[in-house]
Amino acid sequence: MAGSGSSPDARRRLQVGVLGLGRMGRFHAENLAGRVARCDLACVSDLDADRGEQVARELGVPFVADPDAVLADGGVDAVVVATPSASHAELSIAAARAGKHTFCEKPISLDHDETLAALEAIERSGVVFQVGLHRRFDPDWVMVADRARGGELGDLYFYRAALRDMSSPPASFLTGSGGMFLDVSLHDLDVARWWMGEVVEVWAQGAVLTDRAFADHGDVDVAVITLRFESGALGVIDNGRSAGYGYESSAEVVGSKASMYIGNRPPHGVESRMPGWRSLAVARDFTERYPLAYRLELEGFAASVLDGAPVRASGWDALAAFELGMAAARSQRAGRPVRTRPHPTAHGVRYDIETDDALDVGHPAGRT
Ligand SMILES: NC(=O)c1ccc[n+]([C@@H]2O[C@H](COP(=O)([O-])OP(=O)(O)OC[C@H]3O[C@@H](n4cnc5c(N)ncnc54)[C@H](O)[C@@H]3O)[C@@H](O)[C@H]2O)c1
């Protein structure tokens, strides 16, 4: 059985089970079935037996109907949790108790206290735990992080990021998504901290402009978040659920010496030219935009389990981004900026969030 903190052994391979085979889980399973170094897909599981059996057949691995049976399988070293967000914490805790290293999709839970309880239980178990903040493995985003944090751009004064889906997710996903700020904005908020440092104020606005279904769920489908960083720098994030033209994920950081920009990378390099006009393809979704990052994040996970390499997208990173997402949701509801107070803990930075009355000092993160 593989273990964390073990000495590097290039010959060992991680046997991984995938729980949940929807949009994301199926993609992880396909990657693990041959495209991820040092990993083998051991089995797949889904509450929808028809879907599970079909994926298992296609990928040539066993289908296990009961996720608990995957956790009890001594031949499985690790699991990918790609079920709906509300079930992540329970499954991750069960996996940790069963000694399975866990790669969990974001967010860890839709509830702050449950997230914290899960992280504490996982920490006690000693298994490796990584969250699906895939940009922390994308070479472009890593390059900007290294240069921005390494001082090459000078004093950083502006961060801008856009994340827009081409079309709304299915209604079945929306019900348990956690809403725009915890489901979508989480990625850009995580990158904001990673590139720029900690955030001391969040001001979010949202609207339902493209799909009325979001109003039925008390959610928004277009959002703008402005950030003020501890350093004094400013940031702007724009998020959308149905951009129409394609999937957008781009970002920029501006410093006193230089700036860096990551454009919306096309899924292939063919440029079409016609009189007075040229065009490039646009990715339709996250799997077309980030095929490499989704593979590398699993290779990074394997390196943490097999070699003891530091986890690059930890549960505590995900919690900090979640807390900023909570602050954005609160700001949007209240219609005003919300102060956030970062404070270091033994595991990483956590945020106190201003309530309607005052800053929630001392409370784990403030409640929405
Ligand atoms: N990192 C990213 O870029 C990214 C992108 C999309 C989705 N996600 C995350 O991935 C997760 C899944 O999203 P999705 O769009 O794939 O959802 P989905 O609704 O398409 O798929 C969920 C699947 O899980 C199955 N399932 C439900 N409960 C289960 C359980 N207890 N055990 C086993 N299977 C179960 C369902 O039958 C379904 O097949 C969400 O948490 C979402 O936030 C992350």
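See above for the structure.
Quick caveat: nothing in here was measured; it's all calculated off a predicted structure.

Scoring rules and cut-offs
Residues numbered from 1 in each chain as written. Predicted model: local features only at pLDDT ≥ 70, side-chain atom pairs only at ≥ 80, totals over all residues. Helix = DSSP H or I, 4+ residues; strand = E, 2+ residues; numbered from the N terminus. Rg over C-alpha atoms; globule rule 2.2 N^0.38 Å. Buried ≥ 20, exposed ≤ 12 C-beta atoms within 10 Å, placed from the backbone. Contact = placed C-beta atoms within 7 Å. Axes fitted to C-alpha atoms, helices over the stretch in contact; angles between N-to-C directions. Left-handed = near helix turned anticlockwise from the far one by under 90°. Nonpolar A, V, L, I, M, F, W, Y, C, P; charged D, E, K, R; others polar. Pairing = 2+ DSSP bridges. Parallel < 35°, antiparallel > 145°, perpendicular 65-115°, else oblique. Core = buried A, V, L, I, M, F, W, Y, C linked by C-beta atoms within 7 Å. Domains from an automatic or database assignment.

Asker: Quick rundown of the overall build of the chain? Include the residues and the values.
Answerer: Looking only at helices and strands, the chain has 13 helices and 15 strands in total. Radius of gyration (C-alpha) of the chain: 20 Å, near the 21 Å computed for a compact globule of 368 residues. Structurally, the chain occupies a C-alpha span of about 65 × 50 × 45 Å along its principal axes. Going through the 368 residues of the chain one by one, you find that 47% of them count as buried. Residue pairs at least 24 apart in sequence account for 69% of intrachain contacts in the chain once pairs closer than 6 positions are excluded.

Asker: Could you give me a rundown of the packing of helix α9 (residues 185-196) against helix α13 (residues 315-334), with the residues and numbers involved?
Answerer: Taken N-terminus to C-terminus, the directions of α9 and α13 make an angle of 115 degrees; their axes are 9 Å apart at the nearest point. As α9 runs across α13, the sense of the crossing is right-handed. Residues Ser 185, Leu 186, Leu 189, Asp 190 and Arg 193 of α9 touch α13, and the partners they reach there are Asp 317, Ala 320, Ala 321, Phe 322, Leu 324, Gly 325 and Ala 328. Considering only residue class, the contact of α9 with α13 consists of seven nonpolar, two polar and three charged.

Asker: Can you tell me about the sheet that holds strand β2 (residues 39-45), naming the residues and giving the values?
Answerer: Spatially, the five strands line up as an open sheet ordered β2-β1-β3-β4-β5, and their pairing is parallel. With one partner strand each, in any of the chains shown, β2 and β5 (129-131) form the two edges of the open sheet. Across the sheet, the mean angle separating the axes of adjacent strands is 20 degrees when strand polarity is ignored. The sheet contact formed by strand β3 (residues 78-81) and strand β4 (residues 101-104) spans four bridges and is parallel. Bridged to Val 81 within β4 is Cys 104. Together, β1 (14-19), β2 and β3 form the strand contacts of helix α1 (residues 23-32), whose direction differs from that of β1 by roughly 160 degrees.

Asker: Help me get a handle on the packing of α1 against helix α12 (residues 291-307), residues and values and all.
Answerer: Viewed as axis vectors pointing N to C, α1 and α12 meet at an angle of 65 degrees, and their least axial separation amounts to 10 Å. Judged by the angle between their axes, α1 and α12 are roughly perpendicular. The handedness of the crossing between α1 and α12 is right-handed. Taken together, the residues of α12 that come into contact with α1 (itself represented by Phe 27, His 28, Asn 31 and Leu 32) are Tyr 294, Arg 295 and Leu 298. Here the residues of the contact of α1 with α12 sort into four nonpolar, two polar and one charged.

Asker: Give me unusual backbone geometry: which residues, what numbers.
Answerer: Trans peptide bonds make up the majority, and among non-glycine residues the majority have a negative phi. Following Lys 106, the chain continues to Pro 107 via a peptide bond in cis, the omega torsion being -15 degrees. By the secondary structure assignment, Pro 107 is in the loop between β4 and α5 (112-125).

Asker: Account for the nonpolar core, naming residues and giving values.
Answerer: Membership of the largest hydrophobic core comes to 95 residues, with the highest contact counts inside it found for Val 16, Val 18, Val 79, Trp 195, Val 202 and Leu 324. Looking at this core element by element, the count peaks at ten residues for α13. When residues of this core are sorted by domain, at least three fall in each of domain 1 (14-135 + 291-313) and domain 2 (141-290 + 319-353). Excluding residues within four positions of it along the chain, Val 79 makes contact with Val 16, Gly 17, Leu 19, Val 70, Ala 95, Lys 100 and Thr 102. Counting residues in each nonpolar core, the second largest holds nine residues, with Phe 137, Tyr 247, Phe 286 and Ala 293 among its members.

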